[in-house]
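# Survey of secondary and tertiary structure
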Amino acid sequence: MRKVEVVVIGAGQAGLAAAFHLQRVGYVPDRDFVVLDHSPRPGGAWQFRWPTLTYGKVHGMHALPGMELADADPRRPSSEVIGGYFDSYERAFGLRVHRPVRVLAVRDGSGGRLLVETSEGGYAARALINATGTWDRPFWPRFPGQETFLGRQLHSSRYEGPEAFRGSRVVVVGGGTSAVQQLMEIAPVAAATTWVTRRPPVFREGPFGEEQGRAAVALVEQRVREGLPPRSVVSVTGLPMTEAIRRARESGVLERLPMFEQVTPGGVSWADGRDVEADTILYATGFRAAIDHLAPLRLREPGGGIRMGGTRALRDARVHLVGYGPSASTIGANRAGRAAVRDIRRLLDGTPETQT
Ligand code: FAD
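Presented here is a report on the structure given in the accompanying data block. (Residues numbered from 1 in each chain as written. Predicted model: local features only at pLDDT ≥ 70, side-chain atom pairs only at ≥ 80, totals over all residues. Heavy atoms only, no water.)

Turning our attention to the sheet that holds strand β11 (residues 256–258). With parallel pairing, the 5 strands of this open sheet are ordered in space as β6-β15-β7-β8-β11. The open sheet is flanked by β6 (152–155) and β11, the only strands paired with a single partner. Between one strand axis and the next, the sheet turns through 25 degrees on average, direction left out of account. Bridge analysis of strand β7 (residues 169–173) against strand β15 (residues 280–283) gives 4 bridges, and the strand direction is parallel. Across the sheet, V170 pairs through a bridge with T280, a residue of β15. Running over the sheet, helix α3 (residues 177–186) touches β7, β8 (192–197) and β15 and is turned about 170 degrees from β8. (Pairing = 2+ DSSP bridges. Helix = DSSP H or I, 4+ residues; strand = E, 2+ residues; numbered from the N terminus. Axes fitted to C-alpha atoms, helices over the stretch in contact; angles between N-to-C directions. Contact = heavy atoms within 4.5 Å.)

The interhelical angle for the contact between helix α1 (residues 13–24) and helix α7 (residues 330–350), taken along N-to-C directions, is 35 degrees, at an axis separation of 8 Å. You can see that α1 and α7 cross each other, and the crossing is right-handed. Contact residues: Q13, A14, A17, A18, H21 and L22 in α1; T330, A333, N334, G337, R338 and V341 in α7. Split into classes, the residues belonging to the contact of α1 with α7 amount to 6 nonpolar, 5 polar and 1 charged. (Left-handed = near helix turned anticlockwise from the far one by under 90°. Nonpolar A, V, L, I, M, F, W, Y, C, P; charged D, E, K, R; others polar.)

With that settled, the discussion passes to the sheet that holds strand β13 (residues 267–269). Across the sheet, which stays open at both edges, the 3 strands sit in the order β12-β13-β14 with antiparallel pairing between neighbours. Looking at strand neighbours, the two that pair on one side only are β12 (262–264) and β14 (275–277), the edges of this open sheet. Strand-to-strand twist across the sheet, computed as the mean angle between neighbouring axes with direction ignored, equals 20 degrees. By the bridge criterion, 3 bridges tie β12 to β13 in an arrangement that is antiparallel. Bridge assignment links Q262 to a residue of β13, and that residue is S269.

Structure below.
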């Protein structure tokens, strides 16, 4: 069991921002803190994003602290652009990410330390920064009859571009950015597309001002403060209206239907007797926080979420969650990384180590 001051789990935007700030205040990588990540390459979840999600299509990627992402070609896949940028970043700051290392569980240990069990041995840490994102926990809604469907059902996280949908009748479920972007790519090659969402989608005209951003983040923050599971920031900001979306709406691709009642062997059907035949159902239904490894710490409230004060778990001051809830955006992750380090430094400076 190796003793360190801080373990950072996850080397996406949130984990790297935290590592940057830890180093900046004097913690030495691989001596005072370690960054662990189970993915094969640098890039966090970006390395898995589908090839047709070009850098030009991502909206509002904020650079990591201390190094700009300059001259990126908007036509290149975002997985390559951001993966390459994170790789350069880790090297430039000597962050020495340990990968692939999966964190299996975090437990309360003796001497006030947290025991971090991994696929490559254990760490005893005085504080933890959890930055594990959501990519590892795609959310699949359940519908009656799903198991009877004769076609293909997949989650948007497994989408690899429109070719696989050529000539198919496709039902796309979900009202977020992924649903809209994937639907717009699929529609020109599919035999037919149907879009269903729980709530009518809200398209936002004009730029998203700082004030609106703050208000949206405050809404998510409120849920987290109450110990409820966070909602995505996009769920409260609405979808930005772009030229491509405007065209898709005019052509009818973004005509939306309410949620169907059930899945049938040949498609989906509504309570009023309507049905649509389908070969493929694509669930662009989002993700949940990938925090199962924290279960032994019993941080969850009866509402299902972790009650937070800033980035700190209120049930355990040694545990910080960054990129969680209100900080689940690239800018939010940057800020959360800095805030977590400030808080942890205060905690560790103020708590002399107990001998074990
Ligand atoms: P991630 O990038 O998911 O990194 C988490 C890391 O933790 C991963 O590398 C993973 O391997 C690792 N990990 C997870 N579990 C474990 C474990 N048990 N042990 C070890 N390692 C583990 N935000 C924006 O601001 N602008 C955008 O344009 C934008 N576009 C998006 C497009 C899509 C399709 C999606 C899904 C999200 C988008 N977001 C966007 C949100 C974006 O994902 C976040 O802003 C940010 O990139 C998340 O960073 P993160 O560090 O929290 O998580």
